[in-house]
Amino acid sequence: MRFRDPQIEMAHGAGGKASRKLIEGLFVPILSGAATQSLSDAAQVEINGIPLAITTDSFVVKPLTFPGGSIGELAVNGTMNDLAVSGAVGKALVATFVLEEGLPTTVLEAEVRAMANAARQAGVSIVGGDTKVVEHGKADKMYVSTTGVGQLMPGVRVDPASVRTGDKVILSGPIGDHGITILLARGDLDFEADLRSDTRCVLPLIQALAREAAPGIRWMRDPTRGGVATSLNELARDCGLGITIFEENIPVRDEVRGACELLGLDPLHIANEGQFLAVVAAEYVELAMNALTLADGGQEARIIGEVREQPASAVLVTTRYGGSRIIDMLVGDPLPRIC
Amino acid sequence: MRFVDEFRDPEIINRTAEEIRRLADPKRHYRLMEVCGGHTHAIYRFGLKDVLPSNIELIHGPGCPVCVLPMGRIDDGLSIAKEQGVTFAAFGDMMRVPGTQGSPLEHKARGIDIRIVYSPSDALKLARANPNKHIMFFAIGFETTAPSTALTLMRAKAEGIKNFSVFCNHVTIIPAIRAILDSPDMRLDAFIGPGHVSTVIGCRPYEWIAVNEGKPIVVSGFEPLDMLQSIVMILRQLNAREARVENQYKRVVPWEGNRAALRAMAEVFQLRPYFEWRGLGFISQSALRIRDGYTPWDAEQRFHVPGVRVTDPRAAQCGEVLKGVLKPAQCKLFGRECTPEHPIGALMVSTEGSCAAYHSYEHRKNLLTNIHTVA
Amino acid sequence: MCLAIPGKIVELVPGSPNLGTVEVVGVRRKVDLGLLQDDMPVPGDWVLIHVGFAMSKISEEDALEQMRTLMMLGEADQAMDEVRGYGLEDHGNYEKLN
């Protein structure tokens, strides 16, 4: 499945099908050659027998600051979360800054402070980094990229191949807050709502989950760009089974729902920066849910679905009255529609 | 959400579905066409086919303004943006529709100023805020949307805003329905009528469908209970051998329509003698152009428009799917050369286009044997 | 052409004769009320919003009436079963009950 598009489009960075095609069709074959490897949020490497997890992520967001956070927090939480859903406790981060000439120092300083705060809260150290300055107009003020290294949590193994029919799908909290906040903060659509990004480090929640239900955890992911639908489609594709989600169980804030209805968007496709999905074996689900809902910030966790044989490699959303629809990965960025 | 959640109540949906099963004659096969793309989208989004008996077939109609827009019109709009350096502003729905040189989003990647707007008034706002740029609003839509474009043009004229124009692709619904009924391959029992278009044109314009063609038409809302209730009303008419226009969407649709909206349309627009509809060919008196009093705001008068006609690839069967003669999966290109990621025809690009909706929401469901045992 | 959502007018924008602020479960936007100028809505009214314009006022009465009709569907069935139980062949009048 070679990547054949003649040029790079915005869609290739949106986290959905186009992104996947770029990664699977260009990056993976060239860099690792093993195109059939399932892609997870962090890679596991062994250095002299010591197992570590390593991951990297870049943050390109406009506007830089928005209700609930800023690029700095996203950069720390995002990488910590990628490690956490891979079963690792992030221990050290390095950060790269690509800064646009003319960026006010106050803006940079505010972001660095935000990162320091977020790192402190997450219990991780930012141990190094790099800075480059590019010409005015070449960087949208600033781009941040973070690379994180972490230690694997004992007893936690995350592998789509371990997913079985009957396993349950757990979601840590309401979806769509981040993506809709950003959309509204850009101002082009002229909507206002009392919404904030949900950016946070989910490591404590995953640690709570692991303490009570580690042997039951099959798979985890943080549904960032492309939303819950994209993450679950990736799982369905990787494990070959069907994921059924019960629509009425999906937690969505009223304002997110209202914005999505007005703009013709589906909350399942909207980015989140402070949530995670976990597939847990049925016999551990009660323990898992107890652990989560009692933990700080986990009260809104819900069981949103389960793994079934069919529809194979696809995700089905069902309603209480027996209606259902397949939900696919996003093709590009979610676009508002009027039809 | 008020006026939305009540009409999604699962208990009542179940009961209405039971009523449909009770009314549907098992010896009969019903073919109902929902005209509007928004209804097509609702059918898939709410999984309504799952609650209908198998002898009620829903056929998707041509009421998708993106789907019926000929590629040449997109090329024309984008070429104005490219040659004249103007900003191309359009609804999100247009952004991925392919022209022969690529979609608006692909043009954006090449440096053309393309903006997504939620409202034509937002495009005018852009013009006010950027006096050194010309903003061209690429207008699409049926009579639901045309009045908003009309009002926006009236405001632009009243304020004397010179750096704003509209490339008008508004079309009207009645000629599309007529084209369906005139099609020799079409066998339909009744219509689920377009609810939001009717808030503007009212219910009278459909009377000929009942009187001359003998088909019931029920103007329907878009929530699951609206559509199911409309089907109940249609079945009752069919069982009683009646053919009438009924208004299921009373809470929003006035029988006489919206006079102020119709006045605004009449002030700004007039009917084009004919217009090409993708898949349906040339239809007379089916589309709107901007009147002479508004010429300075008419992008087609202000800028040179190549006016190239682009024919669809012969293998693409968009026309037959649009008319409901073929199901999406019956088109030879469906799911192979033509997918939502690489659409060949517009029915695959628009999220309410039959092919895209079927591909995204239903295609892989065929593996399921029993969907009804859900949690 | 079809995406239109019900919203409540929370205030008329002072200084702009045709603009109102509409709210949909906490999401607010200024909406052009020009198409309803023959019967201008006031704060508290519910309108149908499409592309930033109010298309129509929503009638709460009609909405309630619709719900009543729908709720009666099942009950009318029960009533019919009773009637059938008496051995009276009276299917034809069912449609008229609703």
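These figures come from a predicted structure and were not determined experimentally.

1. Observations regarding the side chain of Asp328(A)
- Note that Asp328(A) resides in the segment after β14 (324-326).
- Not counting chain neighbours up to four residues away, the residues in contact with Asp328(A) comprise Lys17(A), Ala229(A), Asn233(A), His269(A) and Arg364(B).

2. Quick word on the sheet that holds strand β4 (residues 114-116) of chain B
Residues and elements named next belong to chain B.
- Spatially, four strands are ordered β4-β3-β5-β6 in an open sheet, and the strand pairing comes out parallel. Looking at strand neighbours, the two that pair on one side only are β4 and β6 (164-168), the edges of this open sheet. Adjacent strand axes in the sheet meet at a mean angle of 25°, parallel and antiparallel pairs treated alike.
- With respect to the sheet, helix α5 (residues 120-129) is in contact with β3 (87-90), β4, β5 (135-139) and β6, its orientation differing from that of β5 by roughly 170°.

3. Here we look at the sheet that holds strand β9 (residues 245-247) of chain B
Residues and elements named next belong to chain B.
- Pairing is parallel across the open sheet formed by five strands, whose spatial order is β2-β1-β7-β8-β9. One side of each edge strand has no neighbouring strand; the edge strands of this open sheet are β2 (56-63) and β9. Across this sheet, the average inter-strand angle for adjacent strands is 25°, counted without regard to direction.
- As paired strands, strand β1 (residues 30-36) and β2 are joined by six bridges and run parallel to one another. Paired with Leu32 across the two strands is Leu58, which belongs to β2.
- Contacts from helix α2 (residues 37-45) reach β1, β2, β7 (190-194) and β8 (217-220) within the one sheet, and its direction differs from that of β1 by about 120°.
- Of the strands in this sheet, β1, β2, β7, β8 and β9 are in contact with helix α10 (residues 224-239), which crosses β8 at around 165°.

4. Concerning the pattern of salt bridges
- Tallied over the full model, the rule gives 46 salt bridges over all chains.
- With a shortest N-O distance of 2.9 Å, Glu109(A) and Arg113(A) are connected by a salt bridge. Placement of both Glu109(A) and Arg113(A) in helix α3 (residues 105-122) is noted, with a separation of four residues, approximately one turn of the helix.
- For Arg113(A), a relative accessible area of 55% translates into the label exposed.
- For Asp113(B), the salt bridge goes to Arg115(B), with nearest N and O atoms at 3.0 Å.

5. Things to note about empty space enclosed by the protein
- Applying the stated criterion across every chain, the model contains six cavities of 30 Å³ or more.
- The space that makes up the largest cavity amounts to roughly 290 Å³.
- Around the largest cavity, the lining is made up of 25 residues, and of these Phe222(B), Glu223(B), Cys2(C), Leu3(C) and Ala4(C) lie nearest the centre.
- Where the lining of the largest cavity is concerned, the elements lending two or more residues are α2 of chain B together with β1 (5-12) of chain C.

6. Re helix α3 (residues 71-84) of chain B
Residue and element names in this part refer to chain B.
- Between its first and last C-alpha atoms α3 spans 20 Å; for 14 residues at 1.5 Å apiece the expected length is 20 Å, and the two agree.
- Burial in α3 covers these residues: Met71, Gly72, Arg73, Ile74, Asp75, Asp76, Gly77, Leu78, Ser79, Ile80 and Ala81.
- Following α3 by one or two positions, Gly85 has its phi on the positive side, about 65°.

7. Comments concerning the interface of chain A and chain C
- Taken together, the contact pairs 17 residues of chain A with twelve residues of chain C.
- Across the chain A/chain C interface, buried area totals approximately 1300 Å², and carbon plus sulfur atoms make up 65% of it.
- Looking at the side of chain A facing chain C, the largest losses of area belong to Glu192(A), Leu262(A) and Ile338(A), adding up to 40% of the total buried there.
- Counting every contact that joins chain A to chain C gives zero salt bridges.
- Counting the contacts that link chain A with chain C gives four residue pairs in polar contact (both at pLDDT 80 or more).
- In terms of residue class, the side of chain A that touches chain C is made up of eight nonpolar, two polar and seven charged.

8. Considering the nonpolar core
- Counting residues in hydrophobic clusters, the biggest one holds 151 residues, and the most contacted among them are Phe164(B), Tyr206(B) and Phe269(B).
- Per-element accounting of this core gives the leading share, nine residues, to α10(B).
- In contact with Phe269(B), other than residues within four places in its own chain, are Ala146(B), Thr149(B), Ala150(B), Leu153(B), Cys168(B), His170(B), Leu288(B), Arg289(B), Ile290(B) and Arg291(B).
- Judged by nonpolar contacts, the second largest core, of 49 residues, contains Val85(A), Phe97(A), Ala208(A) and Phe276(A).

9. As for the state of the cysteines
- Scanning all chains against the criterion turns up two disulfides over all chains.
- What pairs with Cys36(B) in a disulfide is Cys2(C), and their sulfur atoms sit 2.2 Å apart. Separated into two different chains, Cys36(B) in strand β1 and Cys2(C) in the segment before β1 make up a pair that spans both.
- Covalent S-S linkage joins Cys64(B) and Cys67(B), the inter-sulfur distance amounting to 2.2 Å. With the S-S bond torsion at 70°, the cross-link from Cys64(B) to Cys67(B) turns out right-handed.
- On the basis of relative accessible area, Cys64(B) is assigned to the buried category, the value being 3%.
- Judged by relative accessible area, which is 3%, Cys67(B) ranks as buried.
- Its sulfur unpaired, Cys260(A) is 18 Å from the next cysteine sulfur, which belongs to Cys339(A).

10. Details of the pairing of β6(B)
Residues and elements named next belong to chain B.
- In terms of burial, β6 is a largely internal element, five of the five residues being buried.
- By the alternation rule, side chains of β6 split into Phe164, Val166 and Cys168 and Ser165 and Phe167, which are all buried.
- Pairing between β5 and β6: five bridges, direction parallel. Across the sheet, the residue bridging to Phe138 is Phe167, located in β6.
- For the handedness criterion, the β-α-β arrangement of β5, helix α6 (residues 146-159) and β6 is classed as right-handed.

11. Digging into the packing of α6(B) against helix α11 (residues 259-268) of chain B
All names here are of chain B.
- Closest axis-to-axis distance for the α6/α11 pair is 8 Å, and the angle between their directions is 60°. The pairing of α6 with α11 is recorded here as oblique in orientation. Our pair here, α6 against α11, has a crossing hand that is left-handed. Only Ala261, Ala264, Met265, Glu267 and Val268 of α11 make contact with α6, whose side of the interface consists of Ala146, Pro147, Ala150, Leu153 and Met154.
- Across the contact of α6 with α11, the residue classes break down as nine nonpolar, no polar and one charged.

Reading guide: rules and limits
Residues numbered from 1 in each chain as written. Chains lettered and ligands numbered in written order. Predicted model: local features only at pLDDT ≥ 70, side-chain atom pairs only at ≥ 80, totals over all residues. Heavy atoms only, no water. Helix = DSSP H or I, 4+ residues; strand = E, 2+ residues; numbered from the N terminus. Contact = heavy atoms within 4.5 Å. Pairing = 2+ DSSP bridges. Axes fitted to C-alpha atoms, helices over the stretch in contact; angles between N-to-C directions. Salt bridge = Lys/Arg side-chain N within 4 Å of Asp/Glu carboxyl O. Buried < 20%, exposed > 50% of the residue type's maximum accessible area, 1.4 Å probe, protein only. 1 Å grid on protein atoms, 1.4 Å probe; cavity = no way out; pocket = protein on both sides within 12 Å on 5 of 7 lines; lining within 4 Å. Points joined across faces, edges and corners; volume = space filled by probe spheres on them. Expected span 1.5 Å × (residues − 1). Buried area = accessible area lost by both parts, 1.4 Å probe. Polar contact = N/O pair within 3.5 Å; in protein donor to acceptor, adjacent residues only side chain to side chain. Nonpolar A, V, L, I, M, F, W, Y, C, P; charged D, E, K, R; others polar. Core = buried A, V, L, I, M, F, W, Y, C linked by side-chain atoms within 4.5 Å. Disulfide = S-S within 2.5 Å. Right-handed = clockwise from strand over helix to strand, strands pointing away. Parallel < 35°, antiparallel > 145°, perpendicular 65-115°, else oblique. Left-handed = near helix turned anticlockwise from the far one by under 90°.

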